[in-house]
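What follows is each chain in one-letter form.
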Amino acid sequence: QVQLVESGGGLVQAGGSLRLSCAASGRTFSNYVMGWFRQAPGKEREFVAAIRWSDGSTKYLDSVTGRFTISRDNAKNTVYLQMDSLRPEDTAVYYCAADRALVIQGAAWFYDYWGQGTQVTVSS
């Protein structure tokens, strides 16, 4: 059974940094794409970033490019989202997701497995 467990959310001032972690278990993820999505109150779930586990290729939402970095640690089976220069508009629940595919997709419905989410709040 696939399990994705996020951690690392919290409250931070604008301009600050947070690092989210997603611990993955239940199978080998070498043929998976791992994604981060976020959902703010009253808004649809939004793609933030993704990484192809096999070769480390990445894709980002335009508004986070240059501020957020997605990475993975093969030994720990963990995916990270380093978030720098945070803005109030980054406030949302952040979800980790896994897609058994080789092509990085930005649409949530491609992803088969989801974590429970972690709250990120950026104060102005």
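Provided above is the structure to which this section pertains.
Note that the structure is predicted; figures quoted are calculated from it, not measured.

A count of helical and extended segments in the protein gives zero helices and 11 strands. Shown N-terminal to C-terminal, the secondary structure of the protein runs as helices and strands in the order β-β-β-β-β-β-β-β-β-β-β. A compact globule built from 124 residues would reach a C-alpha radius of gyration of about 14 Å, and the protein, at 13 Å, matches this within 12%. The buried share among the 124 residues of the protein stands at 41%. When contacts within the protein are restricted to residue pairs at least 6 apart in sequence, those whose partners lie at least 24 apart make up 58%. In the structure as shown, the protein presents an accessible area of about 6,200 Å², 46% of it carried by carbon and sulfur atoms. A distance of 3 Å separates the average location of the 12 positive side-chain charges in the protein from that of its 11 negative side-chain charges.

Looking now at the nonpolar core. Residues Met34, Trp36, Leu81, Met83 and Tyr94 are the most contacted members of the largest nonpolar core, which totals 30 residues. For this core, the secondary structure elements donating two or more residues are β3 (18-25), β4 (33-39), β5 (46-52), β7 (68-73), β8 (78-83), β9 (92-99) and β11 (118-123). With seven residues, the next largest nonpolar core counts Phe47, Ala97, Ile104 and Tyr111 among its residues.

Here is what the cut-offs are and how they apply
Residues numbered from 1 in each chain as written. Predicted model: local features only at pLDDT ≥ 70, side-chain atom pairs only at ≥ 80, totals over all residues. Heavy atoms only, no water. Helix = DSSP H or I, 4+ residues; strand = E, 2+ residues; numbered from the N terminus. Rg over C-alpha atoms; globule rule 2.2 N^0.38 Å. Buried < 20%, exposed > 50% of the residue type's maximum accessible area, 1.4 Å probe, protein only. Contact = heavy atoms within 4.5 Å. Areas by Shrake-Rupley, 256 points an atom, 1.4 Å probe, with all protein chains shown as cover. Lys, Arg positive; Asp, Glu negative; His and termini not counted. Charge placed at Lys NZ, Arg CZ, Asp CG, Glu CD. Core = buried A, V, L, I, M, F, W, Y, C linked by side-chain atoms within 4.5 Å.

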